[in-house]
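# Coordinate inspection notes
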Amino acid sequence: MKKVLITGGTGLLGANLLLDFQNKFSLSSIQLEGRVNFPVEKQASLNLCNKEKTKQFVKELKPDAIVHTAALVNIDYCESHRDEAFKVNAEATANIAEAAEEAGAKMIFVSTDSVFNGKTGNYREEGSTNPANVYAESKLEGEKLALEKNSNCVVARTSIYGWNAQAKQSLSEWMYNGLKEGKEIKFFEDVFFSPILVNNFGRAIAEIIENEFTGVLNVAGSQRISKLEFGRTLADVFGFGKEKIVASSILDSELAAKRPLDASLNVEKAKKILETELLDAKAGLEEKKLLLEKGFVEKLRRGVDL
Ligand SMILES: NC(=O)c1ccc[n+]([C@@H]2O[C@H](COP(=O)([O-])OP(=O)(O)OC[C@H]3O[C@@H](n4cnc5c(N)ncnc54)[C@H](OP(=O)(O)O)[C@@H]3O)[C@@H](O)[C@H]2O)c1
C-alpha cells in the first residue's frame, strides 16, 4: 500500500480524502491547528510555512505521494492580507514541494479555476492565466513553485464542493442550509463554473497518485453551469422548493475581491488520462445526497477535532 500524506486534513477536501482513502493508501496528515481522528500513520499540527519542520516531518515519513490541499482559501480575506496569502499559498507550497522532491514523493498540488480571468470560460490547461484577485495570484505562484521545485508534480485545477467536516459552510452547504430553512436566497445567474463533488475529485486524485501523469490537469465537473442553475439543481435533487431562489447578478454584489465571471474548465484532457468519470452537477449532487443518507457526513465530522 502506498504511503500518502494529505496536507490540510481538517479542511473540506482533506477530510474527505482521509475518509475516502482509508482502504486505498496508508495515510498521514498535516493541518495547522486541529487534529484528525481518522486512522492515520502519523499526523502533525504544524505551519507549512515553517520549512525546517515541514521537511523534517516528510523526511521521517518517507511518503510515496503528497496531496497538498492546505491553503488560505477565503478569497475576500486574502484580498486584504496579501503577504499572508502568498506565504501560505505560495511559499508553503514551495516548502512541501521541496520536501517531496527530497523524499522522492509525487507532489499533487490542488489549485483553482480562479487562475483564469473568467472572460471566456472553457479554459484548457495551456490557456493563458490572468488572476483576478490576490487569492488566485497566490495560488498561481504556488503552481509555478510546485512545478519548479518538484520533478514529479501534478497541478490539479478544480472547483470543489461537498460536505465539510468542520462547522463552516462551503458553497453547496450554504445553498443547502438556506433552501432547507426556506430562506430567500440570491444566486448569481452570471457566474459560471464547473463544480466537482470532492469525493469525485478524490477518485481522480487516487488515480493520479498511481499513474505516471505529471504537469497541469483540469480536474473538474463535466458541466459548465451558472451558480443559479447549480442552486436549482440542488433544490431538485434534495426535494426543496425553488420558489425562494432569486436570480441575481454578481455586478450588484459587494464582494471585496473580484471574481471571474466564467471560470469553467475544459476537462477533455482529464477524460483521456483518467478512468474516473467526471460527473455533471446533477449526478454529483445525487452522490452528495447519498453520502448524507448513508451516514458519511457524521463519520466525516467525528473525524476532525478543532
Ligand atoms: N473550496 C473551494 O471552493 C475550492 C475551489 C477551488 C480550489 N480549491 C482548493 O482546494 C484546496 C482545499 O480547499 P478547502 O476548501 O478544503 O480548504 P479549507 O477547508 O479551508 O481547509 C484548509 C486546510 O488547510 C490547513 N491549513 C491552512 N493553512 C495552513 C498552514 N499554514 N499550515 C498547515 N495547514 C494549513 C487548515 O488547517 P486548520 O483547519 O487546522 O486551520 C485546513 O486543514 C485548496 O488548495 C484550495 O485552494 C478550493
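To start, this report covers the structure provided alongside it. (Residues numbered from 1 in each chain as written. Predicted model: local features only at pLDDT ≥ 70, side-chain atom pairs only at ≥ 80, totals over all residues.)

### Points about the overall build of the chain
A tally of regular secondary structure across the chain gives 11 helices and 15 strands. Taken along its principal axes, the extent of the C-alpha atoms in the chain is 55 × 40 × 40 Å. Out of the 306 residues in the chain, the part that is buried amounts to 50%. (Helix = DSSP H or I, 4+ residues; strand = E, 2+ residues; numbered from the N terminus. Buried ≥ 20, exposed ≤ 12 C-beta atoms within 10 Å, placed from the backbone.)

### With respect to the sheet that holds strand 5 (residues 65-68)
In spatial order, the strands read 4-2-1-5-6-7-12; together these 7 strands make up an open sheet with parallel pairing. Each end of this open sheet is capped by a strand with a single partner; those strands are strand 4 (42-45) and strand 12 (215-218). If you compare each strand with its neighbour and ignore which way they point, the axes differ by 15 degrees on average. Where strand 1 (residues 3-7) meets strand 2 (residues 26-31), 5 bridges bridge the pair, whose relative direction is parallel. Across the sheet, the residue bridging to Ile6 is Ser29, located in strand 2. Together, strand 1, strand 2, strand 5 and strand 6 (106-112) form the strand contacts of helix 1 (residues 12-20), whose direction differs from that of strand 1 by roughly 155 degrees. (Pairing = 2+ DSSP bridges. Axes fitted to C-alpha atoms, helices over the stretch in contact; angles between N-to-C directions. Contact = placed C-beta atoms within 7 Å.)

### Overview of the packing of helix 4 (residues 82-103) against helix 5 (residues 134-149)
Two quantities define a packed helix pair, namely the angle between the helix axes and the distance between the axes. Interaxial distance between helix 4 and helix 5 falls to 8 Å at its minimum, and their mutual angle equals 15 degrees. Considering their axes alone, helix 4 and helix 5 lie roughly parallel with respect to each other. With respect to the hand of their crossing, helix 4 and helix 5 are arranged in right-handed fashion. Residues Arg82, Ala85, Phe86, Asn89, Ala90, Thr93, Ala94, Ala97, Glu98 and Glu101 of helix 4 lie in contact with helix 5, whose contacting residues are Val134, Tyr135, Ser138, Lys139, Glu141, Gly142, Leu145, Ala146 and Lys149. For the contact of helix 4 with helix 5, the per-class residue count stands at 9 nonpolar, 4 polar and 6 charged. (Parallel < 35°, antiparallel > 145°, perpendicular 65-115°, else oblique. Left-handed = near helix turned anticlockwise from the far one by under 90°. Nonpolar A, V, L, I, M, F, W, Y, C, P; charged D, E, K, R; others polar.)

### Here's the deal with the pairing of strand 1
When you tally the buried positions in strand 1, you get 4 out of 5 residues, the bulk of the element. Since strand 1 and strand 2 lie parallel, the crossover through helix 1 that links them has a hand, and here it is right-handed. (Right-handed = clockwise from strand over helix to strand, strands pointing away.)

### Considering the site of the ligand
Neighbouring residues of the ligand: 29 residues in total, closest Gly8, Gly11, Leu12, Ala70 and Ala71. Breaking the shell around the ligand down by element, the ones donating at least two residues are helix 1, strand 2, helix 4 and strand 6. Of the residues forming the shell around the ligand, the biggest block, 3 residues, is contributed by helix 1. (Near = placed C-beta within 6 Å.)

### Looking at the packing of helix 2 (residues 51-61) against helix 4
Where helix 2 meets helix 4, the axes come as close as 9 Å, and the angle between the chain directions of the two elements is 35 degrees. Relative to helix 4, the crossing made by helix 2 is right-handed. Each of Lys51, Thr54, Lys55, Val58 and Lys59 in helix 2 lies in contact with helix 4, whose residues at this interface are Asn95, Ile96, Ala99, Ala100, Glu102 and Ala103. Within the contact of helix 2 with helix 4, the residues separate by chemical class into 5 nonpolar, 2 polar and 4 charged.

### Remarks on unusual backbone geometry
Even without a glycine there, the phi angle at Lys62 is positive, about 55 degrees. Note that Lys62 resides in the loop between helix 2 and strand 5. For Asn122, which is not a glycine, the phi torsion comes out positive at approximately 50 degrees. Note on placement: Asn122 falls in the loop between strand 6 and helix 5. Residue classification places Asn122 among the partly exposed residues on the basis of 16 C-beta atoms within 10 Å.

### Here's the deal with the environment of Ala281
The topology assignment puts Ala281 in helix 10 (residues 281-293). When the C-alpha positions of Ala281 and Ile196 are compared, they lie 7.3 Å apart, and in sequence the two are 85 residues distant. When near neighbours in sequence (up to four residues on either side) are disregarded, Ala281 contacts Pro195, Gly221, Gln223, Ile225, Phe230 and Thr233.

### Things to note about the nonpolar core
Ranked by size, the top nonpolar core spans 95 residues in total, and within it Leu18, Ile66, Met107, Ile108 and Ile205 carry the most contacts. No other element matches helix 4, which puts 8 residues into this core. (Core = buried A, V, L, I, M, F, W, Y, C linked by C-beta atoms within 7 Å.)

### Focus: the environment of Glu298
Topologically, Glu298 is positioned in helix 11 (residues 296-302). Looking at Glu298, the number of C-beta atoms within 10 Å reads 11, which means it is exposed. Separated by 133 residues in the primary sequence, Glu298 and Ala165 place their C-alpha atoms 8.4 Å from one another.

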